[in-house]
Amino acid sequence: MRYIVPILLAFFLLSCKPSIHPEAPVLVVDGFIDAGGFPQVHVSTSIPIDTEEHELTSVFEHVVRWAKVTIDDGEQSVVLTGRTDLSLTPPYVYTTAWMRGRPGRSYKISVDYKDFHAEAVTTIPEYVPQLDSIDYTKDDKGDFRVTVSFTDPRGFGNYYKMFIREDGENKTWYSAVMAIASDEDFDGGQAELEIMKPFNFKDGMLPVFKSGEVYLLKFASITEDMYRFWRSFDDLQVFSSNPFVSVTSTLESNLDGAVGCWAGYSSSIYKIEIP
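The following refers to the structure shown. Every value quoted in this text rests on a predicted model; they were computed, and no experiment measured them. (Residues numbered from 1 in each chain as written. Predicted model: local features only at pLDDT ≥ 70, side-chain atom pairs only at ≥ 80, totals over all residues. Heavy atoms only, no water.)

## Thoughts on the pattern of salt bridges
By the definition in use, this model includes ten salt bridges. E213 serves as the salt-bridge partner of K197, at 3.1 Å between the closest nitrogen and oxygen. With K197 in the loop between β13 (190-195) and β14 (214-222) and E213 in the loop between β13 and β14, the pair connects residues that are 16 residues apart, well separated along the chain. Considered together, K197 and E213 belong to a single accessibility category, that of buried residues. Taken together, the shared-partner salt bridges in this structure form one network comprising D73, E75 and R105. (Salt bridge = Lys/Arg side-chain N within 4 Å of Asp/Glu carboxyl O. Helix = DSSP H or I, 4+ residues; strand = E, 2+ residues; numbered from the N terminus. Buried < 20%, exposed > 50% of the residue type's maximum accessible area, 1.4 Å probe, protein only.)

Put into structure tokens, the structure is as follows:
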């Protein structure tokens, strides 16, 4: 697995501080529902990491497999089924085929595990964004930078986020670094974003793609609270890797009783094929 930092693992690392005395664990929820898609929820507990004693592989031992995860859309309430799915990272997910996301509808999630209880409400945006173009620029070393452009509909209140994954067996969507936008900056105009590969521990942030690589890009319309979450996620991810910047902020979250997010997306999928 090339990238070992899906959003769930990032929560583990960002929510923990090196300490001799472990802090009490908290519940971590990483869930979303796409317009037209089934809900997908990962549940875990956080790890207070002592960097001298813990291996990153230990995060998988904290995946929760016996939680009760319920989603209510105002018409029906469905308890999700937990199952192993080797195409996802981590390979255990709560989902159901009895509920599909609908634009404009709100969904309440409730998660119960031991003494933990968490809940949140998200709404799937009505607007499904479309890209105007995907541009490839080759540098002197033969690598490529990928830039996308899109046109924002007039009227403030639109927020956008890009996710990316390799076109292969792993179906986990990773956050494209800093690929987030608010139309406060370009209402009714055209916007441009550079797409970078997801953060990984070996290479950090990689702005370039190699010839012949194939990726899938999910361009999502998101709610304001998810915009704040992903902005805080990017800030922590970028600034925490800079030894000259002190990071004191925490992740935004729309969950009560847990850290993480429960998100609704309206999205379109594109293939990035590097020449």
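Here the narrative resumes, following the displayed structure.
## Side note on the environment of S253
Relative to the helices and strands, S253 resides in the loop between α2 (224-239) and β15 (259-273). Given a relative accessible area of 33%, S253 falls into the partly exposed group. Along the chain, S253 and F229 lie 24 residues apart, while their C-alpha atoms are 6.0 Å from each other. Beyond its immediate stretch of four places on either side in the chain, S253 contacts A258, V259 and G260. In this structure the side chain of S253 is engaged in a polar contact, spanning 3.2 Å, whose partner is the backbone nitrogen of L255. (Contact = heavy atoms within 4.5 Å. Polar contact = N/O pair within 3.5 Å; in protein donor to acceptor, adjacent residues only side chain to side chain.)

## Some remarks on the nonpolar core
V41, V43, V69, Y94, I109 and W262 are the most contacted members of the largest nonpolar core, which has 25 residues in total. Listed by contribution, the elements that provide at least two residues to this core are β1 (27-34), β2 (40-45), β3 (68-72), β6 (92-95), β7 (106-113) and β8 (116-123). At four residues, β7 tops the list of elements feeding residues into this core. Look past the residues within four positions of V69 in its chain and what remains in contact with it is V41, V43, V78, V79, L80, Y94, I109, S110 and V111. Counting residues in each nonpolar core, the second largest holds 22 residues, with I164, L193, I272 and I274 among its members. (Core = buried A, V, L, I, M, F, W, Y, C linked by side-chain atoms within 4.5 Å.)

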